Amino acid sequence: MQFNRKDLLGLEDLTSEQIKLILDTADNFKEVLGRKIKKVPALRGVTIANVFYEPSTRTRMSFELAEKRLSADIINFSKATSSVKKGETLRDTLENIKAMKVDIVVMRHGSSGAHKFASEFLDVSIVNAGDGQHAHPTQALLDMMTLRERWGTLNGKKVTIIGDIMHSRVARSNIWGLTKMGAKVTVCGPPTMMPVDIEKLGEGGVKLEYDLEKAVSEADAINILRIQLERQSTRLFPSSREYFEVFGVTSDVISLAPKGCIVMHPGPMNRGVEIAQEVADSEQAVILPQVTNGVAVRMAVLFLIAGGKVDDTELNEN
Amino acid sequence: MKMTSWKDKREFWISGAKIADPEAGKIRAGSVLIQKGMIAGIVWQKSPETELPVFDAEGLVLAPGFIDIHTHLREPGFEDKETIESGTAAAIAGGYTSILCMANTDPVIDDPSVVEYITKRAEDDGHCRVYVTGAVTKGLEGREITEFFHLKRSGAVALSDDGKYIADSKVLRTALEYARVLGMPVISHCEDPYLTSDSQMNESFVSTRLGLKGAHTASEEIAIARDIKLAELTGAHLHIAHISTAGAVDLVKKAKKKGIDITAEVTPHHLTLDETMLESYDRNLKVNPPLRSAADISALKAALRDGTVDCVATDHAPHNEIDKQVEFNYSPPGMLGLQTAFPQLNTELVKNGDIELIDLIRLLTSSPASVMGLPGGKMKQGEPADFVLIDPDEEWVFEKRMIKSRSYNSPLIGKKFKGRVKGVFLEGKYLEDVS
Ligand SMILES: [Zn+2]
């Protein structure tokens, strides 16, 4: 099966087969990452521009590493969103990148829909590395990969996402991806951080639960979102201390979940706010495997976007 | 807009057309006699017996020229977006012979000198009649009211801080009391700014999906409810600009029933475009108030039919490409409206059976005129001979090259319309090639 898509803008418009293809391809690439020489020539001659309008050390390092492992040529551009008020700068940047004849643009941007905007100027492939509060498809894919590794399948599994759903592109992409793959999703957090009609999001919708104990009681995995502490200044929650008491995931909370419940976090963590120290360091936490899988998933996405087929011989010729 | 030369000379008939009389609610065959730029008489026969010159309007509908009570002309201050010259050219191309411009220019129209400046510029370079709205508060800052008496004396016909809600209730109360004595309507942009800060679109499942911050309909309704209370308290004429929600319609309906002096307008885009279109993240669809839900749209259409909403106004808001070709978050709200209002509404509302053509004409002519107390808009002897000639069935495509505005921020470029403005008379003078 071929991927047959020019861009990866989100998971909403992917089929479950396409998602499965990405995850299968990522599994293959993970094997490459375990080798002594962790490099394949799959994207030799392909030029990728990493365009980051929002600071993100982790996602950026992960993409860059994935690109290097695939032998792609890389150029980097970064600019803090705060210094870019007008998008003609974005347009100019994109026109410049276009003039440099790159093949793939990996972009992170603070405005929802920025990638759609970019696609008006660029005929090259665009990979969304996060746009505003809209989508973060590769994060959701690496989360799914991590869960699938443990379970073998996502079908019928129950995942609870906890925290600021309203402002989270990670939550939105996870909901789309997980529900398409047959998992059941529950969201939990303060009512001020729940967007309108969140229950309708995803394939077949999600369950909304304000009571943390109930929300985790059947969870096979819980995905804890980072709380933006500056939200406290916009009074979406009264204090981080109270937040931790009501929505913080402690070992007591974990004890209410079924045995073997997996704990995830997209990082960076606020220990003592959304996640207790002992949970972050517990055996159930897969936070570091998530990071490893992030590289494999991004290799898979870039490889498929570039038109690749899953072909073991190519992976093996070093 | 040099019209005086026609006043003494021209005496002629317009014949062959169907005459739209918005006050009588009828469209029927007739002929109109024009003398000195005024309507001198109407006969209800297709061709009059006359020695005078005859303008043959066979097959078309002759209606009073449209009147827009909500136009942003952008001059002075933002001439890169629109000028009085280009904005009035767009008006004429859309069949509008009179417009009321809003006060959020730079400098703000909060001083008689700016009213006089605009009036003078419109006389020199304008293509249609221009009426001026003065600001309610100095600098549109919502704190101190402007000199209403002076503004009125210099020619302002209404007062508004449009673009901004006057959040301080005491300030609005003062303004309404002062305006009442002068008989000036106060136009309110109703939006609770605390509930809508940073918002990009209507708050709903669509905003949840798109990850764009939403403005809930409650933010508009809370603002309208307070304004109604103050209108009741002061007895002033309150006009609600660009009403957009079903709940807002209910509030206005109840206030009217109670006898409060309140009127309301709705824009063509709030009647025809809905929030789901934003899935394209097309910045030309970003407006304030935002495009709402299908349920809101049907409530607005019903409000047009039952008279809760008095008239249609465009909220013509030009923004140039540099300002619009940015990420959705950074794009200023507003779209063009003057050239597409009639064809869009004729296509979406009249041809779909929501309202009759004569109702649409009334909503664009006599209704806005009576809301703002402006001349024109009536098919009656003694009224100015400002007309629009319409072919209600012509199919055509709205193309970018047809735009007379200095900006091109219309989501309707490329759209196929039914119904077209074929010509305009201004004070008895026929303006060639309007569209
Ligand atoms: Zn307004």
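Summary of the structure given here. The numbering scheme is per chain: residues are counted from 1 as the chain's sequence reads. Chains and ligands are labelled sequentially in the order written, the chains with letters from A and the ligands with numbers from 1. Two thresholds apply to this predicted model, a pLDDT of at least 70 for residue-level local features and 80 or more for giving and counting side-chain atom pairs, whereas whole-chain, interface and lining totals are computed over all residues. To get the side-chain values, take all heavy atoms of the structure and skip hydrogens and water.

Focus: the state of the cysteines
Counting rule for disulfides: a pair of cysteine sulfur atoms within 2.5 Å. Here the structure, examined in full by the defined rule, presents zero disulfides over all chains. Unpaired in this structure, Cys-188 of chain A has its nearest cysteine sulfur neighbour in Cys-261 of chain A, at a distance of 13 Å. When a residue's accessible area, from a 1.4 Å probe over protein chains only, is under 20% of the maximum for its type it is buried; when over 50% it is exposed; and in between it is partly exposed. A relative accessible area of 0% places Cys-188 of chain A in the buried class. Here Cys-311 of chain B is not disulfide-linked; the sulfur of Cys-190 of chain B is the nearest cysteine sulfur, at 15 Å. You can call Cys-311 of chain B buried: its relative accessible area is 0%.

Structural notes on the interface of chain A and chain B
Opposite the 29 residues of chain A that make contact, chain B presents 21 residues. Summed over both partners, the accessible area (1.4 Å probe) lost when two parts come together is defined as the buried area. The three residues of chain A that bury the most area against chain B are Ser-112, Phe-117 and Val-196 of chain A, which together make up 23% of that side's buried surface. Salt-bridge detection follows one rule: a side-chain nitrogen of Lys or Arg within 4 Å of a carboxyl oxygen of Asp or Glu. Where chain A packs against chain B, one counts two salt bridges. The shortest N-O distance in the salt bridge between Glu-12 of chain A and Arg-209 of chain B comes to 2.5 Å. Under this definition, polar contacts are N or O atom pairs within 3.5 Å; protein pairs additionally need one hydrogen-donor-capable and one acceptor-capable atom, and for neighbouring residues in sequence, both atoms have to be side-chain atoms. Summed over the shared surface of chain A and chain B, the result is eight residue pairs in polar contact (both at pLDDT 80 or more). Counting from the N terminus, the helices are the DSSP runs of H or I reaching at least four residues and the strands are the DSSP runs of E reaching at least two. For the side of chain A that touches chain B, the secondary structure elements donating two or more residues are helix H3 (88-99), helix H4 (114-119) and helix H6 (169-180) of chain A. For this classification, Asp, Glu, Lys and Arg are treated as charged, while Ala, Val, Leu, Ile, Met, Phe, Trp, Tyr, Cys and Pro are nonpolar and the rest, including Gly, are polar. Partitioning the side of chain A that touches chain B into residue classes produces ten nonpolar, nine polar and ten charged. The contact definition used throughout considers only heavy atoms, calling two residues in contact when any of these lie within 4.5 Å.

A word on the sheet that holds strand E8 (residues 221-224) of chain A
Residue and element names in this part refer to chain A. By definition, two strands form a pair when at least two bridges between them are found by DSSP. Within the open sheet, the five strands sit side by side as E7-E6-E5-E8-E9. Their pairing is parallel. Each of the sheet's edge strands pairs with one partner strand only, and the pair in question is strand E7 (207-209) and strand E9 (262-264). If you compare each strand with its neighbour and ignore which way they point, the axes differ by 20° on average. In this description, a line fitted to the C-alpha atoms serves as the axis of each element, helices being fitted only across the stretch in contact, and the angle between N-to-C directions of two axes falls anywhere from 0 to 180 degrees. On top of the sheet, helix H5 (residues 137-151) reaches strand E5 (158-162), E8 and E9; it is set at about 165° to E9, its chief contact.

Describing the packing of aromatic side chains
Residue and element names in this part refer to chain B. Pairing of aromatic rings covers Phe, Tyr and the six-membered ring of Trp, with a centre-to-centre limit of 6.5 Å; geometry is then stacked below 30 degrees between planes, edge-to-face above 60, and tilted otherwise. On inspection of all chains with the given rule, the structure shows 18 aromatic pairs over all chains. Seen from their ring centres, Phe-55 and Phe-425 are 4.9 Å apart, and the 75° between their planes marks the pair as edge-to-face. Of the two residues, Phe-55 is situated in strand E6 (residues 54-56) and Phe-425 in strand E19 (residues 416-426); the sequence distance between them amounts to 370 residues. Assessed through its relative accessible area of 21%, Phe-55 is described here as partly exposed. Overall, Phe-425 belongs to the buried group, its relative accessible area being 1%. Their ring planes at 45° and their centres at 6.2 Å tell us that Phe-398 and Phe-417 sit as a pair that is tilted. Residue Phe-398 is found in the loop between strand E18 (387-397) and E19, and its partner Phe-417 is found in strand E19; the two are separated by 19 residues along the sequence. Residue Phe-398 is classed as buried on the basis of its relative accessible area, which comes to 3%.

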